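Spelled out from the first residue to the last, the chains are:
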Amino acid sequence: MSHSKILILDFGSQVTQLIARRVREAHVFCEVHPCDVSSDWVREYAKDGNLKGIILSGSHASVYEVDDRAPDAVFELGIPVLGICYGMQTMAEQLGGKVEAGHTREFGYAEVRAHGHTELLKGIEDFATPEGHGMLKVWMSHGDKVTQLPEGFKVMASTPACPIAGMADESRHFYAVQFHPEVTHTVQGQALLNRFVLDICKASPDWIMGNYIEEAVAKIREQVGDEEVILGLSGGVDSSVAAALIHRAIGDKLTCVFVDHGLLRLNEGDMVMDMFVGKLHAKVIRVDASDLFLGKLAGVSEPEAKRKIIGGLFVDVFKEQAAKLKAGDGGHKGATFLAQGTIYPDVIESGGAKSKKAVTIKSHHNVGGLPEQLGLKLLEPLRELFKDEVRELGVALGLPREMVYRHPFPGPGLGVRILGEVKKEYADLLRRADAIFIEELRNFTDESGKTWYDLTSQAFTVFLPVKSVGVMGDGRTYDYVVALRAVQTSDFMTADWAELPYALLKKVSGRIINEVRGINRVTYDVSSKPPATIEWE
C-alpha cells in the first residue's frame, strides 16, 4: 500500500480511537498500535518511506508511576511527532524535561492561551482577549503536568493552572499539547490535527473510499485466488458492505449464509434477500431458525444469558451450514475462507485488551475464534476501516443509502430490546411498534429540512414486560408498555437523549396505541449515557 500513513501509539486512553478517526477524516491513512512496540518495529514500519508522522496518545496513568514510554526510535527518525496529554508528558520526560503531580487537576472545559505563533497553532483560535492573545476552547483531562521543558522546547500554550499546556521544538517538528484535540469538546481540534497531519507532516490526503474499492478488490482477489468464501450475513451495515465488496471481487465464489433468528426488525429478512439476491445477484442461503432461537430463549430473562444463548446458537447454525459448504458439491470445490465484517474499532479494542494498556470495555465476537473452529482461513476486508468509512464504501459500492446509513442494531437483535424473557408475542408487538417509530422519524424534519432519523444517532423501541390499565372507547384495557429511545452522539462513548418534537412523539404514541393491538402505553426515555447505556440490556 503506497498511501501516506500516520502511526498512533496507544498508551491506554479510552479516546485513542478518536485520534485515528480525526486523522482519517483528513483523508490520511493511520493505524493504532500499542505503545510498547520496539524501536526496531518502529524503524521497520517506517522503512517503506510512507510514514509521515507519529502521534502519542493519552493515558489514565502517570509517567512517574509506570514504565510506558515511547520507543526511542520515535524521536530518532527525523519525522514530526505530536504528543497528547500523557503523550506530551512522556515526550517531556524522555527528552530531558520534568513531570510532576499538579496541585490543581483539570477535567473538562478549559480556555487555553496560545503562545509564540508556532506552526501548529498559528492562525487557529476561538477568540482573542482584549490584549490580543489567541484563546482556544478545549477539553482537559489531567492531574499531572510538565513543570520543566526539555532542551530546545518553548511554551506553546498555557492555562492559569497549567503554565505549560503545550510545548514545541520546531527545529525537530516535535509538538505536544496537554489538552485533547481529538474530542469534539475541543472546538478547533480537527483544525489542529489537520494542521499537524497535512501541513507539518505533509501527508497526502489520498485515503478516499471511492478510490479504495479498486485497491480492496485487488487485495481480496490476491488473497482468495481460485478458492471459495462463505460469509455470515446479518443484514447489518458491516456484514452487508463486506458481502458487497467481496462479491465485487470474486462473484459466485462467495456464498452468504443469512441466519434469521426471529429477532430481526419488520420485513428485514425479505429486504436483505431482495438486495443481495434480487439486485446484486449474490448467492445467499437463508436459514429460518426462529423456532430454534425462541425455543432456547424460553424462560431466560438475564441479559447476558440471553446474549450468550443467541451468540452460541448463531455459531452452531452457521457452523452447520459452513460444514455443508466446506464439503463442496458437484459444481464447487468447497469453501476454504470465512469472511467476517470485522472493522477497525473491533481490532483496536481487542488489541488493547490483549496489551492490557486500555481498560477493556467489551470483547468482540468476530475477532478470532470461529475460523479455527471451522478449519477455515479468515478474510476480513473491512478490518482497516472505521464505521463512517464502511458507510462511505457501501454507498460507493452501490448499496442503498438508507441501508448503509441505518442506525446500529445489536447482534442479538430484538432479544436485548425485549426486557426479561423473550416470547414470539413480544417480538411481534415490538417489531410493529418499532417500525412505526422509525417511519415517523423519517417523516418528520427540522427547520433545516433534515429528517429526525438523520438527526439522531440511534433510535429504537423497547418492550417492557409489564401491563398497565388503559381506556379504549368505553372499555378498560390491560395491555403492554413500550419505551421509545433516541440519542444523539458523535462517538457512542457518551450520548444525550434526543429532544424530539412533541408533535413527533404525539404522532408516534397515537399510531402505536391505535395500530398495535396489545400496547396501550408509550413512554420516552430521557436518560443520557452515562449513567445509562444506550441499549437497555
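As recorded in an unreviewed UniProt entry, the protein goes by the name GMP synthase [glutamine-hydrolyzing], listed as coming from Limnohabitans planktonicus II-D5. In its Subunit (unreviewed entry) section, the UniProt record describing the protein reads: "Homodimer." Comment text from UniProt for the protein, heading Catalytic activity (unreviewed entry), reads "XMP + L-glutamine + ATP + H2O = GMP + L-glutamate + AMP + diphosphate + 2 H(+)".

A. Main features of the packing of helix H5 (residues 209–224) against helix H6 (residues 237–250). Across the interface, H5 lies against H6 with an axial gap of 9 Å and an inter-helix angle of 70°. Put simply, H5 runs roughly perpendicular to H6. The two elements H5 and H6 cross, and the hand of that crossing is right-handed. Here Ile213, Ala216, Val217, Ile220, Arg221 and Val224 of H5 come into contact with H6, specifically with Leu245, Ile246, Arg248, Ala249 and Ile250. Broken down by class, the residue content of the contact of H5 with H6 amounts to nine nonpolar, no polar and two charged.

B. The sheet that holds strand E13 (residues 283–288), seen in detail. Pairing is parallel across the open sheet formed by five strands, whose spatial order is E13-E12-E11-E14-E15. Looking at strand neighbours, the two that pair on one side only are E13 and strand E15 (377–379), the edges of this open sheet. Neighbour to neighbour, the strand axes of the sheet diverge by 30° on average, direction disregarded. Sheet analysis places strand E11 (residues 228–232) next to strand E12 (residues 254–260), joined by four bridges and oriented parallel. Following the sheet pairing, Leu231 is matched in E12 by Cys256. Each of E11, E12, strand E14 (335–339) and E15 touches H6; the most contacted strand, E11, lies at about 165° to it.

C. Summary view of the pattern of salt bridges. For the coordinates displayed, the defined rule picks out 28 salt bridges. Among the salt bridges present, the one from Arg43 reaches Glu76, with a minimum N-O distance of 2.9 Å. With Arg43 in helix H2 (residues 39–46) and Glu76 in the loop between strand E3 (51–56) and strand E4 (81–84), this residue pair connects regions lying 33 residues apart in the sequence. Judged by relative accessible area, Glu76 falls into the exposed class, the value being 53%. Asp238 serves as the salt-bridge partner of Lys387, at 3.0 Å between the closest nitrogen and oxygen. In this pair, Lys387 is assigned in helix H12 (residues 387–396) and Asp238 in helix H6, connecting sequence segments 149 residues apart.

D. Focus on the pairing of E14. With four of five residues buried, E14 is to be regarded as a mostly interior element. The pairing of E11 with E14 spans four bridges and is classified as parallel. Of the residues in E14, the one forming a bridge with Leu231 is Ala339. Here E14 pairs with E15 via three bridges, running parallel. Across the sheet, residue Phe337 finds its bridge partner in E15, namely Lys377.

Rules used in this analysis
Residues numbered from 1 in each chain as written. Predicted model: local features only at pLDDT ≥ 70, side-chain atom pairs only at ≥ 80, totals over all residues. Heavy atoms only, no water. UniProt positions renumbered as here; feature names shortened; annotations may be inferred. Axes fitted to C-alpha atoms, helices over the stretch in contact; angles between N-to-C directions. Helix = DSSP H or I, 4+ residues; strand = E, 2+ residues; numbered from the N terminus. Parallel < 35°, antiparallel > 145°, perpendicular 65-115°, else oblique. Left-handed = near helix turned anticlockwise from the far one by under 90°. Contact = heavy atoms within 4.5 Å. Nonpolar A, V, L, I, M, F, W, Y, C, P; charged D, E, K, R; others polar. Pairing = 2+ DSSP bridges. Salt bridge = Lys/Arg side-chain N within 4 Å of Asp/Glu carboxyl O. Buried < 20%, exposed > 50% of the residue type's maximum accessible area, 1.4 Å probe, protein only.

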